Amino acid sequence: MDVAPSCARRGLGWTLGISHLEGFPSPVQSHSAKAEGTFQVTMLPGDGVGPELMHAVKEVFKAGNVPVIFDEHHLSEVQNTASEEKLDRVVDSMKESKVALIGKIHTPMEYKGDLASYDMRLRRKLDLFANVVHVKSLPGYQTRHNNLDLVIIREQTEGEYSSLEHESAKGVIECLKIITRAKSQRIAKFAFDYATKKGRAKVTAVHKANIMKLGDGLFLQCCKEVAELYPKIKFDTMIIDNCCMQLVQNPYQFDVLVMPNLYGNIVDNLAAGLVGGAGVVPGESYSAEYAVFELGARHPFAQAVGRNIANPTAMLLSASNMLRHLNLEYHSNMISDAVKKVIKGGKVRTADMGGYSTSMDFTQAVIDALEV
């Protein structure tokens, strides 16, 4: 199974700093960026507090002399700045940079003639099939569960998010959930490759095959088939409802979890809540060519807009992960170390972490903690 033909043909490595992992994009920079000694990165601030979080990233990058130039684009359905032309511009930018930092593009609930949101359309155009959320406790920040370290890997191009709905009879809506063997095998292999390269011991496939015997049954069967190729990694399965309960009761039993689209969306947010919420968990999405860095729990936090209270932690850690992907290890470690130092110090914390500091206070504290 050729998961990443474009990477294989070009002999590219993978995004987590270890070469030759099938299915991951390589740290790639544009020719123009190479000439200038800097990296071009596509930026989509998104909705809600996204622009404020991006401002924090820009300020920290500036203070740390990070060699990155942002190609900024605004795509928003709620601010009426979304169009097919603007979406194409973002895709063109991604083809050049291969890397993006994005905020949450809010999807309105009103039906306006197109079922697929711009967020989903962007992910499909770039084939961002794998979403990875590393849920890890932050030293010095006490939550109900501490010393947590688990990874949620979600297939995010099909499932219930296929945007295939119709009214078959008045008052009767059919919503199609699409599960394919090719994409189920691809995400399963991605999860086991991730576990192998990261030294993880176990992969748990999360499903609802007891009810959706064909759809989730196919996903589960693909995971079992792929698991046989990785005898050194323990393989387990768990039904989604039990998984949610187990995450709350005893999350330490999990290592890497792999699941279809909707379950992953729910579990991402549940797991983020275990270590402090949407403000502290970074996330990333991959295709064979592209890498997108974002919030682990996608939430626009619209009620905080303009109030200077949003927590920049997750976006700064995501930006740090992006720098590692670009092989800028020094700058990546410098920023993540500064963020963790501020949190461990406990003096500067935003409201979601039980403190009274503003977003700007936190950003400034991180800048002060940078060891440039």
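What this report covers is the structure whose coordinates are included nearby. Predicted, not measured: the structure shown is a model, and the values here were computed from it.

1. Some remarks on the overall build of the protein
- Along its length, the protein carries 12 helices and 12 strands.
- The buried share among the 372 residues of the protein stands at 56%.
- Within the protein, residue pairs in contact and separated by at least 24 positions form 73% of the contacts whose partners lie at least 6 positions apart.
- Summed over its atoms, the accessible surface of the protein is roughly 16,300 Å², and 53% of this surface lies on carbon and sulfur atoms.

2. Some remarks on helix α3 (residues 50–63)
- Compared with an ideal rise of 1.5 Å per residue, which puts 14 residues at 20 Å, α3 spans 20 Å between its outermost C-alpha atoms and is within 8% of the ideal.
- Inspection of α3 places G50, L53, M54, A56, V57, V60 and F61 among the buried residues, and these make up the whole buried set. Along the axis of α3, the buried positions cluster into a sector of 150 degrees, meaning they face one direction only.

3. Let's talk about the side chain of R349
- Looking at the secondary structure, you find R349 in the loop between α11 (329–345) and α12 (359–369).
- It is D352 that comes nearest to the buried, bridge-free R349 among opposite-charge side chains, at 9.2 Å.
- Filtering out sequence-adjacent residues up to four positions away, R349 remains in contact with G140, Y141, I343, G355, Y356 and S357.

4. Quick notes on the pairing of strand β5 (residues 149–155)
- For β5, the tally of buried residues reaches 6 of 7 residues, placing the bulk of the element in the interior.
- Where strand β4 (residues 130–136) lies against β5, 7 bridges are found, and the strand directions are antiparallel. Looking across to β5, one finds that K136 is bridged to D149.
- Pairing between β5 and strand β10 (residues 256–259): 4 bridges, direction parallel. Note that in β10 the partner of R154 across the bridge is M259.

5. Considerations on the pattern of salt bridges
- Applying the stated criterion across every chain yields a total of 18 salt bridges.
- A salt bridge links R89 to E85; its shortest N-O distance comes to 3.0 Å. A residue pair is termed a helical-turn pair when its members lie 3 or 4 positions apart in one helix, as R89 and E85 do in helix α4 (residues 84–97) at 4 residues.
- Given the relative accessible area of 52%, E85 is considered exposed.
- Overlapping salt bridges, with partners in common, bring together E84, D88, R121 and K125 in one network.

6. Thoughts on the sheet that holds strand β11 (residues 282–286)
- With mixed pairing, the 10 strands of this open sheet are ordered in space as β2-β1-β3-β12-β11-β4-β5-β10-β8-β9. The open sheet is flanked by β2 (68–72) and β9 (234–239), the only strands paired with a single partner. Taking each pair of neighbouring strands and ignoring which way they run, the sheet shows an average axis angle of 25 degrees.
- Its contacts with the sheet put helix α10 (residues 313–325) on β1 (39–44), β2, β3 (99–102), β11 and β12 (291–295), and the angle it makes with β12 is roughly 165 degrees.

7. Considering the packing of α3 against α12
- Where α3 contacts α12, the axes come no closer than 10 Å and their chain directions differ by 20 degrees. Regarding the angle of α3 to α12, the classification is roughly parallel. In the crossing of α3 with α12, the sense of the turn from one axis to the other is right-handed. Residue-level inspection shows A56, E59, V60 and A63 of α3 in contact with α12, the latter providing T363, V366 and I367.

8. A few points about the nonpolar core
- One finds F61, V68, L101, L150, I153, V258 and M322 to be the most contacted residues of the largest nonpolar core, which totals 91 residues.
- Setting aside anything within four residues of it in sequence, one finds M322 in contact with V41, F61, F70, V99, L101 and F293.
- Among the nonpolar cores identified, the runner-up in size contains 15 residues, and L44, I105, L122 and L126 belong to it.

9. What about the pairing of β9?
- Bridging between strand β8 (residues 202–207) and β9 involves 6 bridges; their strand directions are parallel. Directly across from V206, in β9, lies its bridge partner M238.
- For the segment spanning β8, helix α7 (residues 215–227) and β9, crossover handedness is right-handed.

10. So, the packing of α3 against α10
- With their axes 9 Å apart at the nearest point, α3 and α10 run at an angle of 50 degrees to one another. As judged from the angle between their axes, α3 and α10 are oblique. The interaxial crossing formed by α3 with α10 has right-handed handedness. The segment α3 lies against α10, with L53, M54, A56, V57, V60 and F61 engaging M315, L316, A319, M322 and L323.
- Across the contact of α3 with α10, the residue classes break down as 11 nonpolar, no polar and no charged.

11. As for the side chain of S357
- Here S357 lies in the loop between α11 and α12.
- The contacts of S357, once residues within four sequence positions are left out, are K347, V348, R349, T350 and A351.

12. Quick word on the environment of S162
- Mapping S162 onto the fold places it in the loop between β5 and β6 (165–169).
- With a relative accessible area of 12%, S162 lands in the buried category.
- When the C-alpha atoms of S162 and C175 are compared, they prove to be 8.8 Å apart, with 13 residues separating the residues in sequence.
- Excluding its chain neighbours within four sequence positions, the residues that come into contact with S162 are R124, L176 and I178.
- At 2.7 Å, the side chain of S162 and the backbone oxygen of G159 are in polar contact.

Thresholds, definitions, all that
- Residues numbered from 1 in each chain as written.
- Predicted model: local features only at pLDDT ≥ 70, side-chain atom pairs only at ≥ 80, totals over all residues.
- Heavy atoms only, no water.
- Helix = DSSP H or I, 4+ residues; strand = E, 2+ residues; numbered from the N terminus.
- Buried < 20%, exposed > 50% of the residue type's maximum accessible area, 1.4 Å probe, protein only.
- Contact = heavy atoms within 4.5 Å.
- Areas by Shrake-Rupley, 256 points an atom, 1.4 Å probe, with all protein chains shown as cover.
- Expected span 1.5 Å × (residues − 1).
- Arc of directions from axis to C-beta.
- Lys, Arg positive; Asp, Glu negative; His and termini not counted.
- Salt bridge = Lys/Arg side-chain N within 4 Å of Asp/Glu carboxyl O.
- Pairing = 2+ DSSP bridges.
- Axes fitted to C-alpha atoms, helices over the stretch in contact; angles between N-to-C directions.
- Parallel < 35°, antiparallel > 145°, perpendicular 65-115°, else oblique.
- Left-handed = near helix turned anticlockwise from the far one by under 90°.
- Core = buried A, V, L, I, M, F, W, Y, C linked by side-chain atoms within 4.5 Å.
- Right-handed = clockwise from strand over helix to strand, strands pointing away.
- Nonpolar A, V, L, I, M, F, W, Y, C, P; charged D, E, K, R; others polar.
- Polar contact = N/O pair within 3.5 Å; in protein donor to acceptor, adjacent residues only side chain to side chain.

Everything listed here is a matter of coordinates, which is why it stays silent on function.
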